[in-house]
Amino acid sequence: MSLYAAIDLHSTNSVLAVLDETDRPLRQCRLPNDLPAILKALEPFRDELTGVAVESTYNWYWLVDGLADHGYPMHLVNTAAVPQYDGLKYSGDDTDARHLAHLLRLGLLPEGYIYPRAERAVRDLLRRRFYFVHQSVGLLQSVQSAWARHTGQCLSAHAFRQLTGEAIEQAFPDPCVRLAVLAQLSVWRGIEEQVQQVEKGVLATHPRQGERDALCSTPGIGRILSLTIALETGDIARFAHVGDYVSYCRLVKSERISNGKKKGQGNRKCGNKYLAWAWIEAANFALRYSPPIKRWYDRKAAKRHRVIAIKAVAHKLARAGYYLMRDGGAFDVARAFG
């Protein structure tokens, strides 16, 4: 007899449900987030378990890896795509766990990608860089705003990086305003130092070197951005078609159309936000380094909003990137933007 298990994982505890082929619950319990305790609860059903589904939004590494190490067939639930029964009057952790096991039994469970452990640490380190860069840009823009408010002049990013204590004292005679700017500048410098340390660390690794080399042939994609794209993409073979990949990159519309009219929109956040950022970043740099891409963008921007035009460039780059990672070779600007 085949059995199906699901674990609804929370921050401090987990809810386990084990069902048989008729959806009859054989085990339903709440357990602490302790791997030996969960293994003990699953042990009586080990030989008959077809799979174990785990639903979690952020803290699944220890559980999925630990159960996989003990030979359990693992399934990571795509929480954003789990269908719910309409008309339910009550739902809770127990019903949610049973529902996941039920979907696993039917073969309808929407699954997420269990990223390989060997490359997971480097990918997560690049995500920390992403966070630091956003913090750095926010601090830079805050100082630029203060400069504009108190001097009436614009402060470029290059000029910001050249600021001296004397220039700040002249621009901000009020000691409280000056202290606020100096504090932000000090934090910015600390973050920039950490970004450089992270970049140095990730460049010392060599995962997915072939895919990175192919991506680096694209205008606007360097060593860090190519590594980010390759690691966030993972195994390119998991995307059957290029359309699946660009959708995962959040570069397609999420509209619902009926009879030529917009009737609503789907989940705009479905996909990988880090890949979305990486391809938009690549598009902005491509405009600087590739005249053909810049000309294509200018024609698009003349007809549509700049944001739509830059996203259209990112969409084309992502499509090209899919084939580069799948087949190798070098970027051909004439094929992508001809």
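Note that this is a predicted model, so its numbers are computed, not measured.

J.: Can you walk me through the overall build of the protein chain in this structure?
T.: When you go through the protein chain residue by residue, the secondary structure sums to 14 helices and seven strands. Principal-axis analysis of the C-alpha atoms gives the protein chain an extent of 75 × 55 × 45 Å. For the protein chain, the residues scored as buried account for 42% of the 338 residues in total. Accessible area of the protein chain: about 18500 Å², with a carbon and sulfur share of 51%. Averaging the positions of the 45 positive and the 34 negative side-chain charges in the protein chain gives two centres separated by 10 Å.

J.: Got a minute to help me understand the pairing of strand β3 (residues 25–32) in this structure?
T.: Successive side chains on a regular strand alternate, one facing one side of the sheet and the next facing the other. Taken together, the seven bridges between strand β2 (residues 13–19) and β3 define a ladder with antiparallel strand orientation. Its bridge partner lying in β3, Leu-16 is registered against Cys-29. What sits between the antiparallel neighbours β2 and β3 is a turn of five residues, in which Asp-23 has the positive phi angle 70°.

J.: Looking at this structure, I do not really get the pattern of salt bridges. What am I missing?
T.: Two side chains with opposite charge may pair up if their charged atoms get near one another. Per the stated rule, a full pass over the model turns up 13 salt bridges. A salt bridge links Asp-124 to Arg-123; its shortest N-O distance comes to 3.1 Å. For the pair formed by Asp-124 and Arg-123, the shared burial category is buried. Among the charged side chains, a salt-bridge network with shared partners connects Asp-65, Asp-69, Arg-117 and Arg-120.

J.: Just to check I follow, could you spell out the nonpolar core for this structure?
T.: Inside soluble globular proteins, nonpolar side chains tend to come together where they are buried. Ranked by size, the top nonpolar core spans 40 residues in total, and within it Ile-229, Tyr-245, Trp-279 and Leu-317 carry the most contacts. Looking at this core, the elements that each hand over two or more residues are α8 (209–215), α9 (223–233), α10 (242–248), α11 (273–289), α12 (291–303), α13 (306–327) and α14 (333–337). Non-local contacts of Ile-229, meaning those with residues more than four positions away in its chain, are made with Leu-215, Ile-221, Tyr-245, Leu-275, Ala-278, Trp-279 and Met-325. In this structure, Val-18, Leu-49, Val-52 and Met-74 belong to the second largest nonpolar core, which totals 23 residues.

J.: Just checking my understanding: could you explain the state of the cysteines for this structure?
T.: Here a disulfide denotes one covalent bond, and it connects the sulfur atoms of two cysteines. Using the criterion set out here, one finds zero disulfides in the structure. The structure places no disulfide on Cys-249, whose sulfur is separated from the nearest cysteine sulfur, that of Cys-270, by 12 Å.

J.: How do you make sense of the packing of aromatic side chains when you look at a structure like this?
T.: How two aromatic rings sit relative to each other is given by the distance of their centres and the angle of their planes. Within the structure shown, the criterion is met by twelve aromatic pairs. Between Trp-147 and Phe-172 the ring centres are 5.6 Å apart and the planes differ by 80°, which places this aromatic pair in the edge-to-face class. Here Phe-172 lies in the loop between α6 (165–171) and α7 (175–203) and Trp-147 lies in helix α4 (residues 117–151), a separation of 25 residues in the sequence. In this structure an aromatic cluster arises from ring pairing among Phe-239, Tyr-245, Tyr-248, Tyr-322 and Tyr-323. Across from the ring centre of Tyr-61, 4.3 Å away, lies the NZ or CZ of Arg-120, which sits over that ring. Sitting over the face of the ring of Tyr-115, Arg-123 holds its NZ or CZ atom 4.4 Å from the ring centroid.

J.: For this particular structure, what's the right way to read the environment of Trp-62?
T.: Within the secondary structure layout, Trp-62 lies in helix α2 (residues 61–69). When the C-alpha atoms of Trp-62 and Asn-33 are compared, they prove to be 9.5 Å apart, with 29 residues separating the residues in sequence. Excluding its chain neighbours within four sequence positions, the residues that come into contact with Trp-62 are Leu-9, Asn-33, Asp-34, Leu-35 and Ile-38.

J.: Which parts of the structure should I look at to understand the sheet that holds strand β5 (residues 74–76)?
T.: Hydrogen bonds along the backbone pair up the strands of a sheet, which may run parallel or antiparallel. Taken in spatial order, the five strands line up as β3-β2-β1-β4-β5 in an open sheet, and their pairing is mixed. Looking along the sheet, the strands with just one partner apiece sit at the ends: β3 and β5. Taking each pair of neighbouring strands and ignoring which way they run, the sheet shows an average axis angle of 15°. Bridge analysis of strand β4 (residues 49–55) against β5 gives three bridges, and the strand direction is parallel. Bridging across to β5, Val-52 finds its partner in Met-74. The strands touched by helix α1 (residues 35–42) are β1 (3–9), β2, β3 and β4; relative to β3, the strand with the most contacts, the crossing angle is about 170°.

Basis of the calculations
- Residues numbered from 1 in each chain as written.
- Predicted model: local features only at pLDDT ≥ 70, side-chain atom pairs only at ≥ 80, totals over all residues.
- Heavy atoms only, no water.
- Helix = DSSP H or I, 4+ residues; strand = E, 2+ residues; numbered from the N terminus.
- Buried < 20%, exposed > 50% of the residue type's maximum accessible area, 1.4 Å probe, protein only.
- Areas by Shrake-Rupley, 256 points an atom, 1.4 Å probe, with all protein chains shown as cover.
- Lys, Arg positive; Asp, Glu negative; His and termini not counted.
- Charge placed at Lys NZ, Arg CZ, Asp CG, Glu CD.
- Pairing = 2+ DSSP bridges.
- Salt bridge = Lys/Arg side-chain N within 4 Å of Asp/Glu carboxyl O.
- Core = buried A, V, L, I, M, F, W, Y, C linked by side-chain atoms within 4.5 Å.
- Contact = heavy atoms within 4.5 Å.
- Disulfide = S-S within 2.5 Å.
- Phe/Tyr/Trp six-rings, centres within 6.5 Å; stacked < 30°, edge-to-face > 60°.
- Lys NZ or Arg CZ within 6 Å of the ring centre and 35° of its normal.
- Axes fitted to C-alpha atoms, helices over the stretch in contact; angles between N-to-C directions.

The values reported here are purely geometric and, on their own, carry no functional implication.
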